[in-house]
Amino acid sequence: MTGLILRIAIPSPLYKTFDYLPPPGCDPATLRPGVRVRVPFGRQRVVGFLLELADHTALDPALLRPAEAVLDLEPALPADALALLNWAQRYYHHPPGEVFATALPVLLRQGEPAAPPRISPLWRITSAGHTALAEVATLRRAPVQRLLLEHLAQCPDGAEAEALRPVVHASTATLRVLREKGWVELTAPPLPSEPAAVAAAPVQPLTLNAAQAVAIATVAAELDRFGVFLLEGITGSGKTEVYLRLIETVLTQGRQALVLTPEIGLTPQLLARFRERLPGPLAVLHSGLSDRERLNAWLLARTGAARVIVGTRSAIFAPLQAPGLLIIDEEHDASFKQQDGFRYHARDLAVVRARQLGIPVVLGSATPALESINNAQSGRYRLLPLPERVGGGSPPPIEILDVRRQPLTEGLSPSLLARIRVHLARNEQVLLFLNRRGFAPVLFCHECGWLSQCRHCDARMTLHLRRQRLICHHCGDDRAIDPACPVCGSVDLRPVGQGTERLETALRREFPTIGIARMDRDSTRRRGSLETLLTDIQSGDSRLLIGTQMLAKGHHFPDVTLVGIIDADQGLYGVDFRSSERMAQLILQVAGRAGRADKPGTVIIQTHHPDHPLLRTLASQGYPAFAEAALAERREALLPPFAHQALLRAEAVEAERATAFLKAARMLAEPIADGLELLGPAPAPMERRAGRYRAHLLLQAARRQDLHRFLDRWIIELWAQRPDRQVRWALDVDPTELY
Ligand code: ADP
Ligand code: ZN
Ligand code: ZN
């Protein structure tokens with residue numbers, strides 16, 4: 001009678017698994033954990049996920065219902081992905097059903113067969129297409145077509161339509177146009193994958209510099225065991241080249257490589273570089289895919305048809321057929337942490353997955369997270385520094401520009417304007433960074449002081465002049481711009497503060513003859529608009545570049561010789577203890593977009609706090625010294641990474657309910673909180689958001705084991721409480737922000 005009970009994760013917010021009997025006529029001996037099972041659940045039928053075959057159940061076996069059908073012959077997830085999810089479920093204390101749902105493509109969650117991916121025909125450039133590319137004039141007015149043709153010109157074997165989607169958004173329409181012109185053609189599909197086809201065609205073999213060679217040799221010598229390598233190198237120091245070489249090595253062993261990048265870093269340039277260098281289909285997993293595309297890419301990874309898998313956060317759960325190496329690019333990036341639902345951290349899980357698999361993981365960054373630097377210093381991670389830019393040249397010097405008492409024109413100081421003028425006169429490009437989209441962050445009544453407050457949040461509505469709306473960036477609510485003050489009726493309403501739209505307007509006035517490219521979520525909403533912007537920048541048609549953090553990652557603008565950070569002050573005294581770390585990372589990331597060896601850039605930071613010690617350290621001594629100083633502050637204050645945190649969040653329409661829940665949670669915690677500090681309940685920094693009041697209880701421990709021993713017990717007691725259904729609550733383990 002062993003193993004007769006199916007223990008199943010069901011997509012529900014409950015903190016438990018569910019027991020079923022095998023479907024009638026099914027031999028349980030054929031079942032393996034990881035297969036999907038259709039089961040009755042309440043009055044519904046749902047797709048669950050078999051976690052284990054158990055001998056007994058806590059329920060009365062006579063009351064167990066049989067499952068209806070087993071949907072897979074082979075487990076949908078291989079054993080190692082299953083092991084990772086089990087680990088993550090226990091570590092983050094999240095309801096199992098939601099954890100497993102995160103790992104599966106939507107179509108599999110809905111019960112679609114996990115059939116092998118369709119093999120699609122390939123698009124190829126024709127000789128007429130090559131001719132068109134060569135004639136500069138032909139494609140002048142069609143940057144998107146040119147981009148696609150240029151990409152296809154680099155794919156001698158042709159490319160699948162799906163692979164072209166990340167290159168240009170409107171690829172289907174563009175392909176149709178190109179085909180009508182006879183510049184591209186559709187060719188027969190290739191034979192089903194030959195996994196051994198590894199003969200990569202290295203473009204021009206580069207001579208590695210010494211630091212690259214050491215980094216590659218160090219990891220390559222350890223491919224058969226677990227190890228975490230922190231590849232710390234400024235932008236342009238050749239990190240991507242190190243990744244590519246290591247991936248090539250892993251491929252020759254017949255194994256796969258999984259590369260995670262921040263959402264925003266998954267640019268066409270990066271993918272094009274991977275496709276150019278690495279053989280075989282690339283599986284790309286990110287949130288912009290359709291459900292079908294996602295399933296296909298996922299299956300390519302699982303069957304091993306794709307040897308290289310590139311994706312954003314959730315790709316950490318991708319099934320691999322023969323995993324050999326994990327790479328996390330821009331490992332410090334905040335987007336690796338999921339901020340709702342199952343709040344996992346993909347970088348941390350990559351380390352866990354590598355350990356479970358006994359393979360190396362490479363964490364790369366110009367500005368590693370303080371956690372990672374601390375791990376390298378304590379010897380848990382191996383540091384692989386790439387201290388120099390490839391081809392020489394030093395990183396751009398950083399100047400702090402004191403704007404106190406300076407007359408600002410829409411946020412621009414006279415000194416910065418003068419410097420911009422000098423660089424533009426030399427025919428160079430200038431990049432201005434402002435991490436706030438819209439025209440102005442608030443509309444203000446000069447008569448009575450009214451502010452454009454969001455009705456649902458403790459936040460102001462941002463003025464978007466181009467769209468003629470006030471928009472809340474926190475809940476998305478929007479409304480028409482008030483023609484007059486709703487309180488006193490005055491028409492003297494003024495926009496206060498700077499947004500990218502306003503900066504653009506001001507710069508058009510100052511530099512009427514210069515092409516300006518603004519890159520933010522608003523200006524790139526339309527498909528193809530990002531590509532057009534990038535083409536204009538590359539061609540030099542745009543020489544003033546304005547942008548939010550969208551501009552800060554992935555792209556390289558070699559003709560930019562001046563980078564201006566319009567406002568560093570937000571980051572210096574933010575509510576979150578990580579604000580200064582984030583600001584430093586962002587400044588260097590933006591700085592890294594600029595210049596090349598023969599045209600080094602300069603970075604100018606406008607601030608009202610020119611004496612801020614961390615900012616000074618960053619400007620005069622660079623990131624490693626900054627990190628040292630910031631870590632010393634954290635140690636002093638007993639903050640992460642020198643303490644370990646969990647945050648119990650609660651929200652409700654009525655503030656008292658959220659607080660009452662947290663108070664009760666604290667009462668439950670107190671008797672078992674050995675080695676812990678309990679802070680709160682306290683209101684969240686943004687107390688009201690989307691119409692709900694938010695509060696939290698912060699738990700902190702000097703030793704990680706103490707925290708987790710406590711959480712194991714506490715979470716069960718929390719779930720056993722009689723719940724107030726009006727309260728939404730969630731546990732955030734290792735929170736990265738308090739909002
Ligand atoms: P990072 O990822 O650190 O920003 P990349 O790997 O993208 O750096 O390298 C920057 C540029 O230098 C790329 O164009 C790359 O092709 C080139 N490059 C990298 N390594 C070398 C090398 N050893 N010799 C010559 N060029 C190199
Ligand atoms: Zn008023
Ligand atoms: Zn709002």
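Fair warning: this is a prediction, and the values are worked out from it, not measured in the lab.

Draft legend 1. Region of the structure containing the site of ligand 1. Around ligand 1 sit 15 residues, and of these Thr-207, Gly-236, Lys-239, Thr-240 and Arg-273 come closest. At 2.8 Å, a side-chain N or O of Gln-212 approaches a nitrogen atom of ligand 1. The separation between an oxygen atom of ligand 1 and a polar main-chain atom of Glu-241 is 3.0 Å. In isolation ligand 1 exposes 560 Å². Once the protein is present, 69% of that is buried. For the shell around ligand 1, the element with the highest residue contribution is helix α9 (residues 239-252), accounting for three residues. The residue inventory of the shell around ligand 1, partitioned by class, reads four nonpolar, eight polar and three charged.

Draft legend 2. Fine view of the coordination of the zinc ion (ligand 3). Distances from the zinc ion (ligand 3) to its protein donors, Cys-454 (SG), Cys-457 (SG), Cys-472 (SG) and Cys-475 (SG), fall at 2.2 to 2.4 Å. All donor residues of the zinc ion (ligand 3) come from one chain, and their arrangement in sequence is C-x2-C-x14-C-x2-C. Here Cys-454, found in the loop between β18 (442-445) and β19 (462-464), pairs with Cys-475, found in the loop between β20 (469-471) and β21 (478-480); they are 21 residues apart in sequence, far enough to count as distant. The exposure class of Cys-454 is buried, given its relative accessible area of 2%. Here Cys-475 falls in the partly exposed class, since its relative accessible area comes to 28%.

Draft legend 3. Here's a closer look at the sheet that holds β19. Pairing is antiparallel across the open sheet formed by three strands, whose spatial order is β19-β20-β21. Two strands close off the open sheet at either side, each with one partner strand: β19 and β21. The average angle at which neighbouring strand axes cross in this sheet is 30°, direction not considered. By the bridge criterion, three bridges tie β20 to β21 in an arrangement that is antiparallel. Following the sheet pairing, Leu-470 is matched in β21 by Arg-479.

Draft legend 4. Expanded view of the pairing of strand β28 (residues 676-689). By the bridge criterion, eight bridges tie β28 to strand β29 (residues 692-701) in an arrangement that is antiparallel. Bridge pairing in β29 places Leu-679 opposite Leu-698.

Draft legend 5. Main features of the packing of helix α1 (residues 79-92) against helix α2 (residues 96-103). Look at α1 against α2: their axes get within 10 Å of each other, and the N-to-C directions meet at 140°. Considering the angle they form, α1 stands oblique to α2. For the pair α1 and α2, the crossing hand works out as right-handed. Counting all contacts with α1, which are made through Leu-82, Leu-85, Asn-86 and Gln-89, the residues of α2 involved are Pro-96, Val-99, Phe-100 and Ala-103. Class assignment for the residues of the contact of α1 with α2 results in six nonpolar, two polar and no charged.

Draft legend 6. Examining the coordination of the zinc ion (ligand 2) more closely. All of the protein donors around the zinc ion (ligand 2) are Cys-445 (SG), Cys-448 (SG), Cys-485 (SG) and Cys-488 (SG); their distances to the metal are 2.3 to 2.4 Å. Its four donor atoms give the zinc ion (ligand 2) angles of 105 to 112° at the centre, a pattern that matches the tetrahedral case. Donor residues for the zinc ion (ligand 2) sit on one chain with the sequence pattern C-x2-C-x36-C-x2-C. Classification of Cys-448 as partly exposed rests on a relative accessible area of 40%.

Draft legend 7. Summary view of the domain arrangement of the protein. What the domain assignment reports for the protein is domain 1 (5-109), domain 2 (122-187), domain 3 (210-386), domain 4 (398-440 + 497-633) and domain 5 (644-733). The gap between the C-alpha centroids of domain 1 and domain 4 is 50 Å.

Draft legend 8. Up close: the side chain of Gln-645. Take Gln-645: it is sitting in strand β27 (residues 644-652). Judged by relative accessible area, which is 4%, Gln-645 ranks as buried. A polar side-chain atom of Gln-645 sits 2.8 Å from a polar atom in the side chain of Gln-700.

Thresholds applied
- Residues numbered from 1 in each chain as written.
- Chains lettered and ligands numbered in written order.
- Predicted model: local features only at pLDDT ≥ 70, side-chain atom pairs only at ≥ 80, totals over all residues.
- Heavy atoms only, no water.
- Near = heavy atom within 4 Å.
- Polar contact = N/O pair within 3.5 Å; in protein donor to acceptor, adjacent residues only side chain to side chain.
- Areas by Shrake-Rupley, 256 points an atom, 1.4 Å probe, with all protein chains shown as cover.
- Helix = DSSP H or I, 4+ residues; strand = E, 2+ residues; numbered from the N terminus.
- Nonpolar A, V, L, I, M, F, W, Y, C, P; charged D, E, K, R; others polar.
- Donors = N, O, S within 2.8 Å, 3.2 Å for Na, K, Ca; no water.
- Buried < 20%, exposed > 50% of the residue type's maximum accessible area, 1.4 Å probe, protein only.
- Pairing = 2+ DSSP bridges.
- Axes fitted to C-alpha atoms, helices over the stretch in contact; angles between N-to-C directions.
- Parallel < 35°, antiparallel > 145°, perpendicular 65-115°, else oblique.
- Left-handed = near helix turned anticlockwise from the far one by under 90°.
- Contact = heavy atoms within 4.5 Å.
- Tetrahedral: all angles 85-135°; square planar, octahedral: opposite > 155°, others 65-115°.
- Domains from an automatic or database assignment.

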